[in-house]
Structures are given as C-alpha cells and as structure tokens.
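Listed here are the chains, written in short residue letters.
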Protein chains: 2
Amino acid sequence: MAAVSFSADEAAAAAARVMARCDALAEISETPGALTRVYLSPEHLRANQRVGEWMQAAGMRVWQDSVGNICGRYEGLTVDAPALLLGSHLDTVRNAGRYDGMLGVLTAIETVAWLHRQQRRLPQAIEIVGFADEEGTRFGITLLGSRGLTGRWPAAWSTQPDGNRITVAEAMADAGLDAARIGEAAREVSHISAYLELHIEQGPVLEQSGLALGVVTAINGARRLNCGFVGHAGHAGTVPMSHRQDALAAAAEWMVAIEQLAPRRGRDLVATVGALQCLPGAVNVIPGEVNLTLDVRGPEEAPLAALLADLLRTGETIAQRRGVRFHAEEYYAIPATPCDPALQAAISTAVAQVQGRSLALPSGAGHDAIAIAERWPVGMLFVRCRGGVSHHPAEAVQAEDVALAIQAYSLVVQRVAGGHVSGEAA
Amino acid sequence: MAAVSFSADEAAAAAARVMARCDALAEISETPGALTRVYLSPEHLRANQRVGEWMQAAGMRVWQDSVGNICGRYEGLTVDAPALLLGSHLDTVRNAGRYDGMLGVLTAIETVAWLHRQQRRLPQAIEIVGFADEEGTRFGITLLGSRGLTGRWPAAWSTQPDGNRITVAEAMADAGLDAARIGEAAREVSHISAYLELHIEQGPVLEQSGLALGVVTAINGARRLNCGFVGHAGHAGTVPMSHRQDALAAAAEWMVAIEQLAPRRGRDLVATVGALQCLPGAVNVIPGEVNLTLDVRGPEEAPLAALLADLLRTGETIAQRRGVRFHAEEYYAIPATPCDPALQAAISTAVAQVQGRSLALPSGAGHDAIAIAERWPVGMLFVRCRGGVSHHPAEAVQAEDVALAIQAYSLVVQRVAGGHVSGEAA
C-alpha cells in the first residue's frame, strides 16, 4: 500500500491535540508554574500514567518497563513482527520548556492513532516509548531510559545518589521498581527494526532558513576542556607593550583563531569559549593568568578530532611566541552519532513532500537516539522552535509546524514500518 | 665652579647610609612586619621627625609645613636666593616596598650633606621636601602633600573621610595641624626655580636594558574606561558559527586590535585590558555579554587621545560587523605631564657621565612631580628596581645603583642650583 498522509484538517486536529497534551503534561511538575519533572519522581509516574492512557486510546498495548519507560505497542500485520520504535523522553531539566522530549512522544501517538482510526496495520509493528530519563537532571547521569532498552545500563548507575543522597536503586524502590530487574528492560536486537525520533531543533537554523522541518544528519560529538594561559602580571602603566607577558592578550589571540579555524575544518563544526576568568582582574594590572573553557562539537569524529588538535596546537604556538604557558585538560568527551543514511533519505523525502524542500542539519544537543544508535539504526526529524530557545519556559513551537511534522512523520513511519526502507544494522 | 661628583668611595658610603635609612623608615609602620604608613598617622609624624633630624644633620634648617610635609633648606650663596626643590614622598601604600618615595628624599639629603661637608654653597638654595601624601592610601585622594605646596589644594579635600569616617581636617587636628592654615603651605612661584625628583622606576625597562639610571621624558597621562559588548547568548551546540552574536568573540577581536594599535600610534603608548567578565559564563553557552576595562596611557596628550579614539572606533566597527553592541564609558582621566626639556638634558648628561650612556623613558606611574609641574619646571631621574616590582614588600634596589644615582643626582643639582640650567616656567 502506498504511503498516504494525514489530510490538512486531520493534521491540524492532531496538532491541536498535541499542543493541548504538551500543556497538560507541563502541569505535571514538582514546582507549580515552572516545569520540572525528574526521573522516578511522583510526577514522572503521573506523566507515565497519562501518556499510557493516550497510547491505549490510540489502540496500543501499554506497559511500564523495569527502568520506568512508558511503552506502547501497535501490532503489525503479523503477530510478533519486528517493531519500528518511535519515541523521545518525558523527563525535563529544571524550569524547562514543554516541548523538549514530549513533542516526540505525543506526535508518535497521533501517528498510531491515525492508523488505528483507519484500522490499518503495517507489515511491522509500531512501538512508542516515553523515555524515563534523558536529561540526567536528578542523578547527573544521562540517557538512563534508553540505556535500559539497549541493555547497556552500567551496573554502577544503580548506586548513583541524587542531591538528597537517595540512590537510583532506592528511588526505584520508592517508585515501585526493582533495581535487580533493570536487565528486563533490555530488548532483543531482532525485535526492533529501527528508531525514529521527532524533536524540537533547540537551535536557530530552521527558523533562520524559513523552514518548519529538517532532517538530522548526526548528533554532534563533543569535547569539553579547561584551558589556560599563564603569563606575568604587571603594572599597566610601567610595563611597555613589548615587554609584556599578558595572559589575556594571548587568550584573545587564541579565541580569534578558534573562531576562524572551526568552520575551516568542516561544515557544522562549532567551537565555543563560554567561560573566562581573568586574574588578578584589576583595571591597572596586566593579566597574569587566564582560565577559560573550550567546547568543541561536530557531527563527524575525524574532523572534530582534527579541529581540536588544531586548536591545541595553535594555543601552544601562540603561548610560545609570547613567552607564556598554555595548558588544556579535556574533562568530557562524547563521540558523534551518525543517523542512518537510509532513514535520513526517507525522512528527507517525506519532509520535501510536505514543505516543498528538505534541509539537512546536525543536532547540536544530545538525544535518546545516541544510546539507541548503539543497537539499532536511528533517524531524527527536527521541528523549528522559536528563536532556537530551549531548556527555558520560553520554549515554543507553532501548531502549524506540528501539523506539518505529523504529516511528514506519518509518511516516514508508513515507509519504514511498511518494509520499504531498511536501516543498516548498528 | 665646575660640577664635581662624589668619589666612588663617598658615593658607596652615601648609598649604604641611604639603604640603612630606608630600612629604618620601613620600621615606622602601623603594622609590624608589613610597611604601611599613611597620611597624618602617628607613623607619618615619627617618619617626619626622623627625616627632619637627618636634614638637620646635613646642615639644613628644618620645618614641618601646614599640610604635614617635612621640609629642609640649605641656603645658597645669598640669603633668600630662589631654591632648587628636591624631594619625593614619605607615605606608602598598604604592605608597601621601602624605596618607593623614600629613596628620593634620602638621596637628596646625601647630596646636601656632601655639599655641607665641603662647606660649599651654590648660587641657589637647595630645599628638600618629604611629601606627606602622594599615594592617597588613607583618604582615596592623591598628591595632598604636593598640592599643599602649589596652593592648589581643593577646599573640598578637608572634608574627605577615611575608612573610619575621620575627615582630613579632623585627622589634621589629631596630628597637631590646622585645616584652616592649609594655605600657608603654598610657596611663591618666584621662590622656587625647579623641582627634581629621584624615584625607582616601578617598571622593567631599565633592568631589561642593563642600566641603573634613566631620564624621565614625561609622566604618562591616563584614561580608564568601562567597556562592553552585548550580543546574544545561545546553546554552544545548536547555534552554527555563522549564526552567532558571541560577545566574547567580539571582545577577543577587539583585544587583539588594542594590542596591535597601541604601539602604532606612538612609542611609549600602552593599552591594557586588565579585567574581563563574561556572562552567563558556562562552558556550553555562547557568551551574551562581556564587560571589560580599558586602561590607556602615554607621555603625550595628542597621541594618547588619538589612540583612544582609534580603539573606540575599532570596537564600534567590530561590533557592527558582528551584529553586537559596543559601549565604553570613561571614568578616569589624567593628562600627561611632560618633564622640562632643559632639566631632561641636564639629567641625561649627568646619567651618561656616570654610567656611560643615558636612556630616556616615560613614567607609567604617577608622582608628586605631576602636581609640582603645574607651577614649576620638573625633572625626574629613575633608578632601576628588581623585576620592575613595586607596591609590594619584594620591591628592591641595589646599593651600587643607588651610589650611581647619588653621583648623577649631585651633578644635576650642582648644575641647576649653580644657575647653569634654567627650566621653562610652568
């Protein structure tokens, strides 16, 4: 059967429901008036309950798995057919927006509900998961929900404490779960064909391109470093320019080089100095020491590593020429996660079909798809958000964009669950 | 009579006395083990007492003037001859070095003592003044001693409070002085021919040139500004390099320009960004706002003003190109004080005579000569200090350098007080 899309009216009605449900979920918060919903909290269980009801109404069999993900299954033409997995997360950062995560779960439910209303079954089953923890707000470790599904939940995570010294295992017990049974959430590789995630962009690219939807090429890898220049403090009046070992002047030269080198090493690479401390920090004293952070991200590992090496070499060169010392310590690294090419192509076709043209872009932020990609092919569809703002109450999407997103999403789901697109095994 | 210098032995003995007296004065401190001596304190009066005794032993008539300067006069060949004024200050910053100020007073006393031992009188009288307050440590206003002498002490200063809310007038009363009689410290213009000040360099130029002594061309003028760039904060992962309005990247480009432009606008110009604050200041957030200070100094007004205008124009240009906002507010300005050309030449000749060659350099720090120059021609002789360090207990000079300085100083004093050099009236 050829893939058919929602009609414009159907899509508008579905989008209105999604917007209303985002509002409803935003009310399930530990702090009234400011959305915060963390892993294994009473609010988490209440949100699971609500989402489970909506899944059930869409014709799905619903269960909460052993790590607290809320799951639903819409059977395919044959029982026990492999499932196309759709989803995103239901947890939030503190004082969050209401679309980051939730939009992906609720639009997936609309797609299944639309098939269900037509009594249509596809060759593959469709499963939806509302992941229990992607942000890591409570325990400082991220992707707990999706790592439960992949079976790559590290044993040490169960003893990780929150800010009140309650461990994951204790919080699980409080929520009616059992840390001894975490392994039961893991899914057989053969039971899932692929994973699709719809998410707000959390950046300005779609808005500035005048487009509602985009196809994610990869989730950026990232490196974070603490860096510094150590020179020699001195009197701002008595030390001639030629005699200075000004740590801030060295840092400034390096920051200009960072900005210039990042785009040269590859499209979509970004490098940011976000924090800078200048010592001693007085108007009439030449800075003797500067500490600054470096955050480098990119959709492909090799150019990312090459850029970072470039930047460190440049810092060293600048320091040597100026007679100051440069240091850099990496404290965080996550590899890039490429999206599956066949799934990208399928999403791109669907996006072009509903909005005239498609735009491919990397994801600068992390997603559940990072964990899932270790086991299954992943694809992601981005939806424009206002001003690129996310992780903030001002986070906003337009209902018209959500309607377009649901149309494109349903086309992709039909093609993939119809067996017309096969992602490569991870 | 031709100018003759101290013999090497005489100079060494005089330098040893100066070093010992610097040590003795360093003991007169409000905090044992850390030199702090502020205006109108009991320590100030004790230091005046000691210095007055040394002046008297050098054959001088001694008095403390109405603002607390300790003064001495060595008559010339004729009574009431105009006086060549020598001096520097006896007050200190907190936790100070022991040479900043004191060295100039004590070397002047050695010069007079040497003339006195030979029973020599010069056509002009020689007066020495130990200024009561140059640093402004206690009341936050500077050059109180020298402004007493010039008669340009602003009336409002008398009500200026210290950290304990004691006003200058009250502190004067506590010290046995009378604020109503401040005007009596003012000297007739015709009674003083010129002012010479010997001081440690407080910078690294002489040390790095391998020279003990140098001639000051001018005391730098200075401007201080609070500046800033306002851009747009954003997610370090999701905003492409081309879409950013990064306030720190703009500031970095400006800081590189500052460093490049300063030496181009004129020798001896310096420009410093000493303090920088980056907001919001997180590793994964593009900086939306940067506040930074600018300190610009130079020995001549016109190039200094031109450099500052250049720098502000450049900041504006950088901001406009990047779509960010630049602002700058000047909050402190002091004009440059040129040293008298004839006095510079006389000092240069004497310096070349004792150390083989002379070096001309501007003073980056302020001195009593700034105030005195409003009424009389001024000249300054700089002495090398270790590492350029000053305003710190590690401040150090070598006795050999002090011996050379005394030799050069005595040559200049003989030439000027001998009527062979006339500074231009201020």
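What counts and how
Residues numbered from 1 in each chain as written. Chains lettered and ligands numbered in written order. Predicted model: local features only at pLDDT ≥ 70, side-chain atom pairs only at ≥ 80, totals over all residues. Heavy atoms only, no water. Least-squares fit on C-alpha atoms with pLDDT ≥ 70 in both. Contact = heavy atoms within 4.5 Å. Helix = DSSP H or I, 4+ residues; strand = E, 2+ residues; numbered from the N terminus. Expected span 1.5 Å × (residues − 1). Buried < 20%, exposed > 50% of the residue type's maximum accessible area, 1.4 Å probe, protein only. Arc of directions from axis to C-beta. Lys, Arg positive; Asp, Glu negative; His and termini not counted. Salt bridge = Lys/Arg side-chain N within 4 Å of Asp/Glu carboxyl O. Polar contact = N/O pair within 3.5 Å; in protein donor to acceptor, adjacent residues only side chain to side chain. Domains from an automatic or database assignment. Buried area = accessible area lost by both parts, 1.4 Å probe. 1 Å grid on protein atoms, 1.4 Å probe; cavity = no way out; pocket = protein on both sides within 12 Å on 5 of 7 lines; lining within 4 Å. Points joined across faces, edges and corners; volume = space filled by probe spheres on them. Pairing = 2+ DSSP bridges.

Visitor: Is there a simple way to think about the relation of the copies chain B and chain A in this case?
Guide: Both copies of the chain are related through a single rotation about an axis accompanied by a shift along the same axis. It takes a turn of 180° to lay chain B on chain A, together with a shift of 0.0 Å along the axis; the resulting RMSD is 0.1 Å. The transformation relating the two chain copies, once decomposed into turn and shift, fits a two-fold axis. In terms of C-alpha distance to the rotation axis, chain B has B:Ala252 as its closest residue, with the C-alpha 2.2 Å off the axis. Counting the interface residues of chain B, we find that 100% of their copies in chain A are interface residues as well, pointing to one common contact surface.

Visitor: Looking at this structure, I do not really get helix H8 (residues 301-322) of chain B. What am I missing?
Guide: At 3.6 residues per turn, the α-helix brings residues three or four places apart onto the same side. All names here are of chain B. Taking 1.5 Å per residue as the helical rise, H8 with its 22 residues ought to reach 32 Å, and the 32 Å between its terminal C-alpha atoms agrees with that figure. Residues of H8 that are buried: Leu304, Leu307, Leu308, Asp310, Leu311, Gly315, Ile318, Ala319 and Arg322. Relative to the axis of H8, the buried residues are bounded by an arc of 160° and lie together on one face. Turned more than 90 degrees away from the buried face of H8, the exposed residues are Ala302, Gln320 and Arg321. Directly after H8, the chain includes Gly323, whose backbone phi takes a positive value near 70°.

Visitor: When you look at the side chain of B:Asp246 in this model, what are you seeing that I'm missing?
Guide: Residue and element names in this part refer to chain B. Within the element layout of this structure, Asp246 appears in the loop between strand S8 (234-235) and helix H7 (247-264). It turns out Asp246 is buried and unbridged, and the closest side chain with the opposite charge, Arg244, is 4.8 Å from it. A polar side-chain atom of Asp246 sits 2.8 Å from the main-chain amide nitrogen of Leu248. Those residues within four positions of Asp246 in sequence are excluded, and the remaining contacts are Ile286 and Pro287.

Visitor: Would you explain the domain arrangement of chain A in this entry?
Guide: The accessible area lost on association of the parts is a frequent measure of interface size. Residue and element names in this part refer to chain A. According to the domain assignment, chain A consists of domain 1 (8-219 + 337-417) and domain 2 (221-334). A straight line from the C-alpha centre of domain 1 to that of domain 2 covers 38 Å. With 5 residues of domain 1 at the contact, the number on the domain 2 side is 5 residues. The junction of domain 1 with domain 2 conceals about 430 Å² of combined surface from both sides, 55% of it contributed by carbon and sulfur atoms. A per-residue breakdown of the area domain 1 buries against domain 2 is headed by Ile219, Pro362 and Gly364, which together make up 56% of the total. The tally of links from domain 1 across to domain 2 stands at 0 salt bridges. Counting every contact that joins domain 1 to domain 2 gives 2 residue pairs in polar contact (both at pLDDT 80 or more).

Visitor: Can you help me understand empty space enclosed by the protein in this one?
Guide: Empty space among the atoms can be located by rolling a probe the size of a water molecule over them. Inspection of every chain in the model, using the stated rule, returns 3 cavities of 30 Å³ or more. Within this model, the largest cavity holds a volume of roughly 120 Å³. Lining the largest cavity are A:Met255, A:Ile258, A:Glu259, A:Ala271, A:Thr272, A:Val273, B:Met241, B:Arg244, B:Asp246, B:Leu248 and B:Ala249. Mapped by element, the contributors of at least two residues to the lining of the largest cavity are helix H7 (247-264) and strand S9 (270-272) of chain A together with H7 of chain B. Top element by residues in the lining of the largest cavity is H7(A). It accounts for 3 residues.

Visitor: Please clarify how the pairing of strand S6 (residues 213-219) of chain B should be interpreted in this entry.
Guide: Residue and element names in this part refer to chain B. For S6, the tally of buried residues reaches 6 of 7 residues, placing the bulk of the element in the interior. Pairing analysis gives 3 bridges linking S6 to strand S16 (residues 378-383), with the strands arranged antiparallel. Counted as the bridge partner of Gly214 is Phe382 from S16. With 3 bridges connecting them, S6 and strand S15 (residues 360-363) associate as parallel partners. Bridged to Val215 within S15 is Ala360. In this structure, S6 lies alongside strand S14 (residues 337-338), joined through 2 bridges in antiparallel fashion. Paired with Ile219 across the strands is Thr337, a residue of S14.

Visitor: Which parts of the structure should I look at to understand the interface of chain B and chain A?
Guide: Every contact between the two is made by 48 residues of chain B and, on the other side, 49 residues of chain A. Of the roughly 3700 Å² buried where chain B meets chain A, counting both sides, 63% is carbon and sulfur surface. Our enumeration of links across chain B and chain A arrives at 2 salt bridges. In this structure, B:Arg322 and A:Glu259 form a salt bridge, with 2.7 Å as the shortest nitrogen-oxygen distance. The tally of links between chain B and chain A comes to 10 residue pairs in polar contact (both at pLDDT 80 or more). Breaking the side of chain B that touches chain A down by element, the ones donating at least two residues are helix H6 (205-209), H7, strand S9 (270-272), strand S10 (276-279), strand S11 (285-286) and strand S12 (289-298) of chain B. Take the side of chain B that touches chain A: its biggest share by element is 8 residues, from H7(B).

Visitor: Explain helix H1 (residues 8-26) of chain A here, please?
Guide: All names here are of chain A. Between the first and last C-alpha of H1 there are 27 Å, a value that for 19 residues agrees with the 27 Å anticipated at 1.5 Å per step. Those residues of H1 lying buried are Ala11, Ala14, Ala15, Val18, Met19, Arg21, Cys22, Leu25 and Ala26. On an axial view of H1, the arc spanned by its buried residues comes to 165°, and they lie on one face. Check the buried side of H1 and you find it contacts helix H2 (42-57), helix H3 (102-117) and helix H11 (399-417).

Visitor: Sorry if this is basic, but what is going on with the pairing of strand S1 (residues 61-64) of chain B here?
Guide: Look at any regular strand and the pattern is simple: side chains alternate between the two faces of the sheet. Residue and element names in this part refer to chain B. Sheet analysis places S1 next to strand S2 (residues 70-74), joined by 4 bridges and oriented antiparallel. The residue bridging Arg61 from the neighbouring strand is Arg73, located in S2. Between the end of S1 and the start of S2, which pair antiparallel, lie 5 residues, with Gly68 showing a positive phi angle near 100°.

Visitor: I would appreciate a short explanation of the environment of B:Gly315 in the present structure.
Guide: Residues and elements named next belong to chain B. Its location among the elements puts Gly315 in helix H8. Residues Gly315 and Glu301, 14 residues apart in the sequence, show an inter-C-alpha distance of 21 Å. Apart from residues no more than four positions distant in its own chain, Gly315 is found in contact with Phe229, Trp254 and Phe326.

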